[in-house]
Amino acid sequence: MAGHSIPHFQNSAGHAAISIGVKEFMCVGANPPFDHPHVFLDLGDDNEKVCPYCSTLYRYDPSLPAEVTVPEGCIYVDRAA
């Protein structure tokens, strides 16, 4: 994904699973100050992956654009930037 920004997702609401439209992304856990180390996850040939820090299950849905999650509101926005 050279030349592209990597989407970041958060799970402050504690959803069991989040559907996303990308296969490479960062999980930050909950929003700061309750975040975990920002970890890069790559689904590769798989369609699901569990974050090793927060245990959020991410499911790939090719019908979703990169900036949309189901449930809504799981895109991480760095307000400090």
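Residues numbered from 1 in each chain as written. Predicted model: local features only at pLDDT ≥ 70, side-chain atom pairs only at ≥ 80, totals over all residues. Heavy atoms only, no water.

Engineer: I'm lost on the sheet that holds strand β2 (residues 17–20) in this one. Help?
Structural biologist: Sheets are built from strands that pair by backbone hydrogen bonding, the pairs being arranged parallel or antiparallel. Across the sheet, which stays open at both edges, the four strands sit in the order β5-β6-β2-β7 with mixed pairing between neighbours. Edge positions in the sheet fall to β5 (48–50) and β7 (69–70), since each of these pairs with one other strand and no more. As judged from the four bridges shared by β2 and strand β6 (residues 57–60), these two strands associate in the parallel manner. Opposite Ser-19, over in β6, you have Arg-59 as the bridge partner. (Pairing = 2+ DSSP bridges. Helix = DSSP H or I, 4+ residues; strand = E, 2+ residues; numbered from the N terminus.)

Engineer: Got a minute to help me understand the UniProt feature "domain: Zinc finger CHCC-type" (unreviewed entry) in the chain in this structure?
Structural biologist: The positions UniProt marks with the feature "domain: Zinc finger CHCC-type" (unreviewed entry) are residues 23–58. End-to-end, the C-alpha atoms of residues 23–58 are 9 Å apart, and along that stretch the chain is 0% helix and 53% strand. (UniProt positions renumbered as here; feature names shortened; annotations may be inferred.)

Engineer: Sorry, what's going on with the sheet that holds strand β4 (residues 35–42) here?
Structural biologist: One open sheet holds the three strands; their spatial order is β1-β3-β4, and the pairing between them is mixed. Two strands lie at the open edges of the sheet, namely β1 (8–9) and β4, each paired on one side alone. One ladder, built from two bridges, connects β1 with strand β3 (residues 24–29); its direction is parallel. Within the sheet, the bridge partner assigned to Phe-9 lies in β3 and is Cys-27.

Engineer: Got a minute to help me understand the side chain of Asn-11 in this structure?
Structural biologist: Within the fold, Asn-11 resides in the loop between β1 and β2. Taking relative accessible area as the criterion, Asn-11 reaches 10% and is therefore assigned buried. Once residues lying within four places of it in the same chain are set aside, the contact partners of Asn-11 are Ile-18, Gly-29, Ala-30 and Thr-56. (Buried < 20%, exposed > 50% of the residue type's maximum accessible area, 1.4 Å probe, protein only. Contact = heavy atoms within 4.5 Å.)

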